[in-house]
Amino acid sequence: MKLPDDFQWVEATPDDDWSGARLDLDGHPILEVSACRGGWLVVVLLDDPRQPQANVAVRSVPAGMRWSARWALSRADRLRVLAARRNAQRPVARQTQPSPAPSLVSGPLPYAREEETLDA
């Protein structure tokens, strides 16, 4: 199923420390298909308080991606609103000079499920 251009699938590679696939909307993680107890689970990362979505068990990553594409297409406009609000709620980072000390973080942090209360 073809998704609009602002939705992108990110699939894990054998070198990654995670498995499955993640659906992003303009860089915002929307949902992921991840391994769970010998099977696969679709976990919605961008919750809509109007239409809560339970996790969905699927038999494979491709099956999870198909279910996710149908789910995202049916809610594309609402997901765009939620992603824009999430982006607007984050504080704007000040432009500062980089610290001369090395960073203690070795790489990007994994995505975590964020619970937000959004009205509209």
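Definitions and limits used
- Residues numbered from 1 in each chain as written.
- Predicted model: local features only at pLDDT ≥ 70, side-chain atom pairs only at ≥ 80, totals over all residues.
- Heavy atoms only, no water.
- Core = buried A, V, L, I, M, F, W, Y, C linked by side-chain atoms within 4.5 Å.
- Buried < 20%, exposed > 50% of the residue type's maximum accessible area, 1.4 Å probe, protein only.
- Helix = DSSP H or I, 4+ residues; strand = E, 2+ residues; numbered from the N terminus.
- Contact = heavy atoms within 4.5 Å.
- Salt bridge = Lys/Arg side-chain N within 4 Å of Asp/Glu carboxyl O.

A.B. asks: Describe the nonpolar core, listing the residues and the values that go with them.
C.D. replies: Counting residues in hydrophobic clusters, the biggest one holds 23 residues, and the most contacted among them are Phe7, Ile30, Trp71, Ala72 and Leu79. Only β2 (21-25), β3 (28-36), β4 (39-44), β5 (56-58), α1 (61-74) and α2 (76-89) provide two or more residues apiece to this core. Once you skip the residues sitting within four places of it in the chain, Ala72 turns out to touch Leu3, Phe7, Leu23 and Leu79.

A.B. asks: Any details on the pattern of salt bridges? Residues and values, ideally.
C.D. replies: Note that side chains of opposite charge can pair when their charged atoms are close. Following the criterion strictly, the structure yields four salt bridges and no others. Lys2 is the salt-bridge partner of Asp5, the closest N and O atoms lying 3.9 Å from each other. Taken individually, Asp5 and Lys2 each receive the classification exposed, so the pair is uniform in this respect. Across the pair Asp6 and Arg80 runs a salt bridge whose closest N-O atoms are separated by 2.6 Å. Here Asp6, found in the segment before β1 (7-11), pairs with Arg80, found in helix α2; they are 74 residues apart in sequence, far enough to count as distant. Here Asp6 falls in the buried class, since its relative accessible area comes to 16%. In this structure, a network of salt bridges that share partners links the residues Asp6, Asp77 and Arg80.

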